[in-house]
Amino acid sequence: MRTKNKPWTKPYLLEHLEVQLSNDDFSSIQDLYLEIGSGKGDFLLKMAFNNPSLSFIGVEMNTTCAGITAKKLVESGINNAKIVCEDAINIIPLMNDESVKTLFLNFSDPWPKKRHHKRRLTSDKFLNEYYRILVKGGRLIFKTDNVDLFNDSLEYFESSPFKLISITNNYSGDDPFDACTEYEAKFRNEGTLINRVIYEK
């Protein structure tokens, strides 16, 4: 589902820096719950609302999606979540070692063409950085409807130091420390199976 460009989102982001993090902020924060590819923010807001004592950050490179998320954050009054409008490949290197408690990858772009596989958020270069920024015992939780991406990602993880905790090809959404994304709601309504895997550092 490609998001239609909404011209109001760019100026909205410029007007509401209070719900965003700058690149400089990442060098000083710890104990984050990080979602990479946060879309229109449904997961981010639900998790922040359900866990008010935790700090959530969403990274989203699409300006329209990031602007929609920012508007939701402003209107909800939630103060334990922020959005970052930037490509994750530029943000992750700024983060301190062992600064993230849980990292969420929800319905990431599958980049189906083989020549684009290196862009996948589960590719080796990303997994190495995820391992660096996660605390000891920290978890990476990956959900997708795309079977090819899921199976390929399992192979990527096998070459990493991550420890497999759980895996399912028909995730029911029953984990209390989870929330439904806008993509997930659509897929469930269509009867599409959700694949989910949890790894631990």
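Whatever comes next refers back to the structure up there.
Every value quoted in this text rests on a predicted model; they were computed, and no experiment measured them. (Residues numbered from 1 in each chain as written. Predicted model: local features only at pLDDT ≥ 70, side-chain atom pairs only at ≥ 80, totals over all residues. Heavy atoms only, no water.)

J.: What's the story with the overall build of the protein chain in this structure? I'm lost.
T.: In terms of regular secondary structure, the protein chain is built from 7 helices and 7 strands. When the helices and strands of the protein chain are read in sequence order from the N terminus, they spell out α-β-α-β-α-β-α-β-α-β-α-β-α-β. Taking 201 residues into account, the globule formula puts the C-alpha radius of gyration at 17 Å, and the protein chain, at 16 Å, falls close to it. The principal-axis extent of the C-alpha atoms belonging to the protein chain is close to 45 × 40 × 35 Å. When the 201 residues of the protein chain are sorted by exposure, 47% land in the buried category. Within the protein chain, contacts between residues separated by at least 24 positions form 80% of all contacts whose residues are at least 6 apart in sequence. Roughly 10,200 Å² of accessible area belongs to the protein chain as shown, and the carbon and sulfur atoms make up 50% of that amount. Each charge class in the protein chain can be summarised by its mean position, and for the 26 positive and 28 negative side chains these summaries are 4 Å apart. (Helix = DSSP H or I, 4+ residues; strand = E, 2+ residues; numbered from the N terminus. Rg over C-alpha atoms; globule rule 2.2 N^0.38 Å. Buried < 20%, exposed > 50% of the residue type's maximum accessible area, 1.4 Å probe, protein only. Contact = heavy atoms within 4.5 Å. Areas by Shrake-Rupley, 256 points an atom, 1.4 Å probe, with all protein chains shown as cover. Lys, Arg positive; Asp, Glu negative; His and termini not counted. Charge placed at Lys NZ, Arg CZ, Asp CG, Glu CD.)

J.: What is the right way to look at the packing of aromatic side chains in this model?
T.: Aromatic ring pairs are defined here through the distance separating the ring centres and the angle between the ring planes. Using the criterion set out here, one finds 13 aromatic pairs in the structure. Relative to Phe104, the ring of Phe43 has its centre 4.9 Å away and its plane inclined at 65 degrees; by these criteria the two rings are edge-to-face. With Phe43 in helix α2 (residues 42–50) and Phe104 in strand β4 (residues 100–106), this pair connects stretches of sequence that are 61 residues apart. Across the pair, exposure class does not vary: Phe43 and Phe104 are buried alike. When the ring of Tyr183 is compared with that of Phe187, the centres are 6.1 Å apart and the planes differ by 20 degrees; the resulting orientation is stacked. Of this pair, Tyr183 and Phe187 are both found in helix α7 (residues 182–190), 4 residues apart, which corresponds to roughly one turn of the helix. (Phe/Tyr/Trp six-rings, centres within 6.5 Å; stacked < 30°, edge-to-face > 60°.)

J.: How should the sheet that holds strand β2 (residues 55–59) be read in this particular structure?
T.: Two modes of strand pairing occur in sheets, parallel and antiparallel, and in both the strands are linked by backbone hydrogen bonds. Taken in spatial order, the 7 strands line up as β3-β2-β1-β4-β5-β7-β6 in an open sheet, and their pairing is mixed. The open sheet is flanked by β3 (81–84) and β6 (163–168), the only strands paired with a single partner. Averaged over all pairs of adjacent strands, the angle between strand axes in this sheet comes to 15 degrees, irrespective of strand direction. Judged from the 5 bridges that link them, strand β1 (residues 32–36) and β4 form a sheet pairing that is parallel. What sits directly across from Ile36, in β4, is Leu105. Of the strands in this sheet, β1, β4 and β5 (134–144) are in contact with helix α5 (residues 124–133), which crosses β5 at around 140 degrees. Helix-sheet contacts for helix α6 (residues 147–158) involve β5, β6 and β7 (195–200), and the interaxial angle to β7 is about 15 degrees. (Pairing = 2+ DSSP bridges. Axes fitted to C-alpha atoms, helices over the stretch in contact; angles between N-to-C directions.)

J.: Sorry if this is basic, but what is going on with the pairing of β1 here?
T.: Regular strands place side chains that alternate from one sheet face to the opposite one. Of all 5 residues making up β1, 5 are buried, and the element is well covered by its neighbours. Neither face of β1 is exposed, since Leu32, Leu34 and Ile36 on one face and Tyr33 and Glu35 on the opposite face are all buried. Bridge analysis of β1 against β2 gives 5 bridges, and the strand direction is parallel. Bridging across to β2, Leu32 finds its partner in Ser55. Crossover handedness for the path β1 to α2 to β2: right-handed. (Right-handed = clockwise from strand over helix to strand, strands pointing away.)

J.: Sorry if this is basic, but what is going on with the packing of α2 against helix α3 (residues 63–76) here?
T.: The description of two packed helices rests on the angle between their axes and on the distance between the axes. Following both chains from N to C, one finds α2 and α3 inclined at 25 degrees, their axes separated by 9 Å at the closest point. Here α3 runs roughly parallel to α2, going by the angle between their axes. Between α2 and α3 lies a crossing whose hand is right-handed. Judged by residue contacts, Asp42, Leu44 and Leu45 of α2 engage Thr69, Lys72, Leu73 and Ser76 from α3. Its residues placed into classes, the contact of α2 with α3 shows 3 nonpolar, 2 polar and 2 charged. (Parallel < 35°, antiparallel > 145°, perpendicular 65-115°, else oblique. Left-handed = near helix turned anticlockwise from the far one by under 90°. Nonpolar A, V, L, I, M, F, W, Y, C, P; charged D, E, K, R; others polar.)

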